[in-house]
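Letter by letter, the chains look like this.
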Amino acid sequence: MSDAWNHRQIRELAPALAGGEVSPVALTEQLLARAAASPLNAFTTLLPEQALAEAETAAREIADGHYRGPLHGIPVSVKDLFRVAGAPTTAASALTARTPSPDDAPVVAKLRAAGAVVLGTCNLHEFAFGTTGEDSAFGPTLHPLDTKRSPGGSSSGSAVSVAAGLAFASLGTDTGGSVRIPAAACGLVGLKPTAGEITCAGVIPLAPSLDHVGPLTRSVADARIVYHAIRDKSPSPILGKPTTGRLGCPRPYFFDLLDTSVRVVTEQALTRLTDAGWLVTDTPIAHAADTAVVCLHLVLAEAAAMHAEGLEHQPEDYTQGVRLRLELGRYIQAEDYVRAERGRQVLTAAVDAALKGQSALALPALAIPAHRLGTEAVDFGATREPLRNAMLRLTQLFNATGHPAVSIPCGTTPDGLPVGLQLVGRRHQTDQLLAVAEACEAVLG
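Rules used in this analysis
- Residues numbered from 1 in each chain as written.
- Predicted model: local features only at pLDDT ≥ 70, side-chain atom pairs only at ≥ 80, totals over all residues.
- Heavy atoms only, no water.
- Helix = DSSP H or I, 4+ residues; strand = E, 2+ residues; numbered from the N terminus.
- Buried < 20%, exposed > 50% of the residue type's maximum accessible area, 1.4 Å probe, protein only.
- Contact = heavy atoms within 4.5 Å.
- Polar contact = N/O pair within 3.5 Å; in protein donor to acceptor, adjacent residues only side chain to side chain.
- Phe/Tyr/Trp six-rings, centres within 6.5 Å; stacked < 30°, edge-to-face > 60°.
- Lys NZ or Arg CZ within 6 Å of the ring centre and 35° of its normal.

Novice: Teacher, can you tell me more about the environment of Phe 43 here?
Specialist: Tracing the backbone shows Phe 43 in strand S1 (residues 43–46). A relative accessible area of 11% means that Phe 43 is categorised as buried. Beyond its immediate sequence surroundings of up to four residues, Phe 43 is in contact with Ala 35, Ser 77, Leu 119, Gly 120, Thr 121, Cys 122, Asn 123, Ser 161 and Leu 166.

Printed below as a string of structure tokens:
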């Protein structure tokens, strides 16, 4: 079949599958072949026999009139941090066994129940403890627009599989921005729902109080389709599908250090939204400057606890950067962690306050465009900042507070690299945030 469908959205492809215009089997065969031949290192394990069997089942069910919905027959991928039946769960680490999992994580099972075809598992930054996708037992994942650049991480392979036309959606995890960061770097939609809406059972944890599961897709509508299929709780109320509204822009801290091209594209996007009728107002988030220290103490302590056994018995099997961060976590004192928990409560209240009277908060998702592989620090004028700090600074707050957040494409730099606009909504109103994001997407294209 023609590859014309490979970069289409789920919402466009689903009717063609339902109507018999496109075959799930031919589509799956094509994507498996493309993934196997791809030089981007997006996948750790492909499941061709299993995926084709699922596609054949989907084709029969659809032909017999048993259409399950918009994911039926849609090929998807899953970050190699989730249990996926038939595939080893490696977390891109030399520490983990290579024994195939006997079952699926609950969210993967929900994808299959919706009729999705699971192509395989995707490369990532080892144990999801990094922002670039470079530290992996399988080697780095490469950006589809420039193979000398990182696609962002930790859900790097998930993002690349969707951006490169190797899958129509992917599941990732987000502890400090690991869905939104690669989405912004690759020109995708990346959703981190409200904390607790999607179970993390069957997913190797990094920092349990910060971990979220979320989809990477080509549109907000597609993100909603996947989110609805995998969430645990009943839909949050939608107060109406807005065409305009109020966007609070937290400039202090979040706009202080931005790459010049990211700043220009972001400001242009905000201007376009204003011209379309959105009211964009400066809305500071109190205590935002404390975000890094609060999140650092939470994530380091929790990650070190999760990896206590590995650090004790197999420290040499971690990649150097991940091991260093885990070792640092062993020196976080209990009183530091308790202070960070109190700081989390203060920051949560501050974000709640900033959202009062707003449809959403609007800010960049990533302070820099996709960086060159091997980059260690970034210059913002006279300020030099470690790469990891620069990449996490705009997203990690909302992991600590649990607010839903989504990155949507808002333009490209003069070098053609994508820039993401991050929208943040009220807790437990993820569906309303998606409605706002879809309205903004209609303006920004």
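On we go.
Novice: Would you mind going over the side chain of Glu 385 with me for this structure?
Specialist: Structurally, the position occupied by Glu 385 is in strand S11 (residues 383–386). Overall, the relative accessible area of 12% leaves Glu 385 in the buried class. At a separation of 2.6 Å, a polar atom in the side chain of Glu 385 contacts the side chain of Arg 393. Once you skip the residues sitting within four places of it in the chain, Glu 385 turns out to touch Leu 257, Ala 377, Val 378, Phe 380, Ala 390 and Arg 393.

Novice: Looking at this structure, I do not really get the packing of aromatic side chains. What am I missing?
Specialist: Between two aromatic rings, the relevant description is the distance of the centres plus the angle of the planes. Under the criterion given, the structure shown has three aromatic pairs. Ring centres of Tyr 253 and Phe 254 lie 5.0 Å apart, and the angle between their planes is 85°; on these two criteria the pair is classed as edge-to-face. The class of Tyr 253 is buried, set by a relative accessible area of 14%. Ring pairs connect the aromatic residues Tyr 253, Phe 254 and Phe 398, which therefore count as one cluster. When the ring centre of Trp 5 is taken as origin, the NZ or CZ atom of Arg 8, which lies over that ring, is 4.5 Å away. One residue, Arg 325, lies across the ring of Phe 129, its end atom 5.3 Å from the ring centre.

Novice: When you look at unusual backbone geometry in this model, what are you seeing that I'm missing?
Specialist: Among all residues save glycine, negative phi is the norm, and among peptide bonds the norm is trans. Cis geometry is found at the peptide bond from Gly 153 to Ser 154, where omega equals 10°. We note that Asn 41 has phi near 60°; this positive angle belongs to a residue other than glycine. Exposure remark for Asn 41: the relative accessible area of 24% places this residue in the partly exposed category. Positive phi values are uncommon outside glycine, yet His 428 reaches one of about 65°.

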